[in-house]
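These are the residues of each chain, in order.
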Amino acid sequence: MSETGAVETIQKLLALPEVREASFLELSICDAVHFRLLKPEPVFQLTEMKLRQRNNPLFAGFADVRGEVEKSMQGTSIRAKIDACCTRRPEWLNERYLMYALELEIWMDTSYPNPWAYRLYHEALVAGKSVSIPKLGPFSDGFHHLLKEKNGYERTSVPGSENRRIRVYVGEQTHLEPPYLHLATRRRSEPEHPFGGQEDLTSQLATGLMERQLEEISARDLNENIARSQLFGYRLIGPLVLLLIQEFAYIKGPIAFVGLGSLFMVRLVEYLRNSWPHLPDICLPKETELTFSLLPEENAYLSLLSREPEGDPNAVVSLDEDLPRELIHPAMREFMMAALLGPEAPRIQGAAMDFILELALMTRGLRIQIPSKPILHYWCQHTLSPREDFLHWADMLGFFPGFTPLQYAWSVTDQLERNPWPTGAYLMSTPSIRWWMRRRCPELVNRLEEARKSFA
């Protein structure tokens, strides 16, 4: 074993002499199971929302009280913390079992298997090793057992005193001291989504979903084009489409979809109805005036994107006046066209649908609102200051139907005026064409560079 104990692959780890001699591999529950909510406070907020569905006035303030108890009673069981909440609010005493059960339900719902640890677990079983995941943390023995089973760790065992076991850490830890074994994991480098800086529950849920997806993609060693398409659909298209879905929450009567992406939207809403039964029924466009579209349509009551950069009262997305809207707006339309008509459209739409369905499943019937500001900020980053790997993907296989990099130095001004993504065209151009751009249209180049720096 190396001095640090860090091993980069499961195959190398299982081939180590000390592992071959051991009868048990011991994993930490913290490595084996991760949670979509990264902080406890959103769990308490979601629990309060569930409690208030049953009795709105009685459980007002649960999240605040539960958060205070969490800080003052660290290291104790969840049941003890719920009892402490009831001590502070005696009117909750008769409901303490309900409060306890709902919080555990949310912890269970938001859990998922760490993909690296899950693969190690299975390959260890195939290699004839037993796997132990001992209890750790505030959960009871029974809940710990169910948590393992729900996340696929169904064949764990408890080693006897005579069994030789070896502990394996899984993750990006760098602070561990030997002796230990460490299956070192590496996540893809991806821009942090602005949801992470928001305090509202929906943003926190969205952040956890994106962390989970990034872990899954990183662990699977996917083809780069496939991985990029899934990230594009999940992190960009999905949250934006959700802004349109939210507009249906309080609509009375059936709705219809028109234009590109109508079938995608019909399927999405029908799937969502299992988690969000408040969504309206869907009918044919000729049967209602409440018609919706992703891209602007003449006969649409409301569209997701506007027809003009300056905005549209009949569109959901509205860009701030201080943004370079003439650079962002056509690029947003082009990105949406890639999701609807490009060669990777099925994969992109599938990933977008996954994001929305998973978020709906986490909320289980609650009417939630996702903020538009972090979504639009992330879109600005990708349209105005895209990373090199994103540009490379965009330039491959015609993923963006109406986009082409600049090709002729003598007509760069005309090409830019026709290009739906000026920033992408500029950044993908050869050095000689960029030189011509600075000479022929210096004001536009300066604007592109300023916008790029603003969202770097």
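Residues numbered from 1 in each chain as written. Predicted model: local features only at pLDDT ≥ 70, side-chain atom pairs only at ≥ 80, totals over all residues. Heavy atoms only, no water.

Draft legend 1. Quick look at the overall build of the protein chain. For the protein chain, the helix and strand inventory stands at 20 helices and ten strands. Relative to its 456 residues, the protein chain shows a buried fraction of 54%. Across the protein chain, contacts joining residues at least 24 apart in sequence account for 71% of those joining residues at least 6 apart. Of the roughly 21,700 Å² of accessible surface on the protein chain, a fraction of 50% belongs to carbon and sulfur atoms. Across the protein chain, 50 positive and 59 negative side-chain charges occur, with their mean positions spaced 3 Å apart. (Helix = DSSP H or I, 4+ residues; strand = E, 2+ residues; numbered from the N terminus. Buried < 20%, exposed > 50% of the residue type's maximum accessible area, 1.4 Å probe, protein only. Contact = heavy atoms within 4.5 Å. Areas by Shrake-Rupley, 256 points an atom, 1.4 Å probe, with all protein chains shown as cover. Lys, Arg positive; Asp, Glu negative; His and termini not counted. Charge placed at Lys NZ, Arg CZ, Asp CG, Glu CD.)

Draft legend 2. Geometry of the sheet that holds strand β10 (residues 302-303). With parallel pairing, the three strands of this open sheet are ordered in space as β8-β9-β10. Two strands lie at the open edges of the sheet, namely β8 (256-257) and β10, each paired on one side alone. Inspection of the sheet shows β8 paired to strand β9 (residues 291-293) by two bridges, in the parallel sense. Paired with Ala256 across the two strands is Thr291, which belongs to β9. (Pairing = 2+ DSSP bridges.)

Draft legend 3. Main features of the nonpolar core. One finds Leu120, Leu240, Ile245, Phe248, Phe355, Phe400 and Met437 to be the most contacted residues of the largest nonpolar core, which totals 140 residues. In terms of residue count, helix α11 (residues 224-245) provides more of this core than any other element does, ten residues in total. Residue contacts for Phe400: discarding those within four places in its chain leaves Phe232, Glu334, Phe335, Ala338, Phe390, Trp393 and Ala394. (Core = buried A, V, L, I, M, F, W, Y, C linked by side-chain atoms within 4.5 Å.)

Draft legend 4. The arrangement of the pairing of strand β7 (residues 181-184) in detail. The pairing of strand β1 (residues 6-7) with β7 spans two bridges and is parallel. Residue pairing in the sheet places Ala6 in a bridge with His182 of β7. In this structure, strand β6 (residues 165-171) lies alongside β7, joined through four bridges in parallel fashion. Each residue of the ladder has a partner; that of Gly171, found in β7, is Ala184.

Draft legend 5. Up close: unusual backbone geometry. The backbone of Asp221 shows a phi angle near 55 degrees, a positive value even though the residue is not glycine. You can see Asp221 is positioned in the loop between α10 (201-220) and α11. Using a relative accessible area of 71% as the deciding quantity, one classes Asp221 as exposed.

Draft legend 6. Structural view of the environment of Cys30. Residue placement: Cys30 occurs in helix α3 (residues 29-32). Take Cys30: its relative accessible area is 47%, and that puts it in the partly exposed class. Between the alpha carbons of Cys30 and Trp393 there is a distance of 35 Å; along the sequence they are 363 residues apart.

Draft legend 7. Broad picture of the side chain of Asn419. Positionally, Asn419 belongs in the loop between α17 (412-418) and α18 (422-427). Take Asn419: its relative accessible area is 8%, and that puts it in the buried class. Looking at Asn419, its side chain comes within polar contact range of the main-chain nitrogen of Trp421, at 3.0 Å. Filtering out sequence-adjacent residues up to four positions away, Asn419 remains in contact with Phe403, Thr404, Leu406 and Ala425. (Polar contact = N/O pair within 3.5 Å; in protein donor to acceptor, adjacent residues only side chain to side chain.)

Draft legend 8. Geometry of the pairing of strand β2 (residues 24-27). Residues Phe24 and Glu26 line one face of β2 and the alternating positions Leu25 and Leu27 line the opposite face, and both faces are buried. Here three bridges tie β2 to strand β5 (residues 130-132), and the two strands are oriented parallel to one another. What sits directly across from Leu25, in β5, is Val131. Pairing analysis gives four bridges linking β2 to β6, with the strands arranged parallel. In the strand pairing of β6, Phe24 is matched with Arg165.

Draft legend 9. Highlighting the packing of helix α4 (residues 40-54) against helix α7 (residues 96-109). Two numbers describe how α4 lies on α7: the axes approach to 9 Å, and their chain directions differ by 125 degrees. Taken together, the axis directions place α4 and α7 in an arrangement best described as oblique. At the point where α4 passes α7, the crossing takes the right-handed sense. Note on element contacts: α7 touches α4 through Leu98, Met99, Leu102, Glu103, Ile106 and Trp107, opposite Pro40, Val43, Phe44, Leu46, Thr47, Lys50, Leu51 and Arg54. When the residues that make up the contact of α4 with α7 are grouped by side-chain class, the tally is ten nonpolar, one polar and three charged. (Axes fitted to C-alpha atoms, helices over the stretch in contact; angles between N-to-C directions. Parallel < 35°, antiparallel > 145°, perpendicular 65-115°, else oblique. Left-handed = near helix turned anticlockwise from the far one by under 90°. Nonpolar A, V, L, I, M, F, W, Y, C, P; charged D, E, K, R; others polar.)

Draft legend 10. How the structure looks around the environment of Leu201. Mapped onto the elements of the fold, Leu201 is located in helix α10. For Leu201, the contacting residues outside a window of four places in its chain are Pro42, Gln45, Leu46 and Met49.

Draft legend 11. How the structure looks around the sheet that holds β5. In spatial order, the strands read β1-β7-β6-β2-β5; together these five strands make up an open sheet with parallel pairing. If you trace the sheet from one side to the other, it starts and ends with β1 and β5, each paired once.

Draft legend 12. Representation of the pattern of salt bridges in the model. All told, the structure shown has 22 salt bridges when counted by the stated rule. Glu190 is paired through a salt bridge with Arg228; the nearest N and O atoms lie 2.9 Å apart. With Glu190 in the loop between β7 and α10 and Arg228 in helix α11, this residue pair connects regions lying 38 residues apart in the sequence. Accessibility expressed as a relative area gives 13% for Glu190, which makes it buried. Taking the relative accessible area as the measure of exposure, Arg228 reaches 3% and is therefore buried. Here Arg387 and Asp389 are joined by a salt bridge, their closest N and O atoms 3.0 Å apart. Here the salt bridges share partners, and the residues they tie into one network are Arg66, Glu70, Lys81 and Glu103. (Salt bridge = Lys/Arg side-chain N within 4 Å of Asp/Glu carboxyl O.)

Read these as layout, nothing more, since geometry by itself doesn't imply function.
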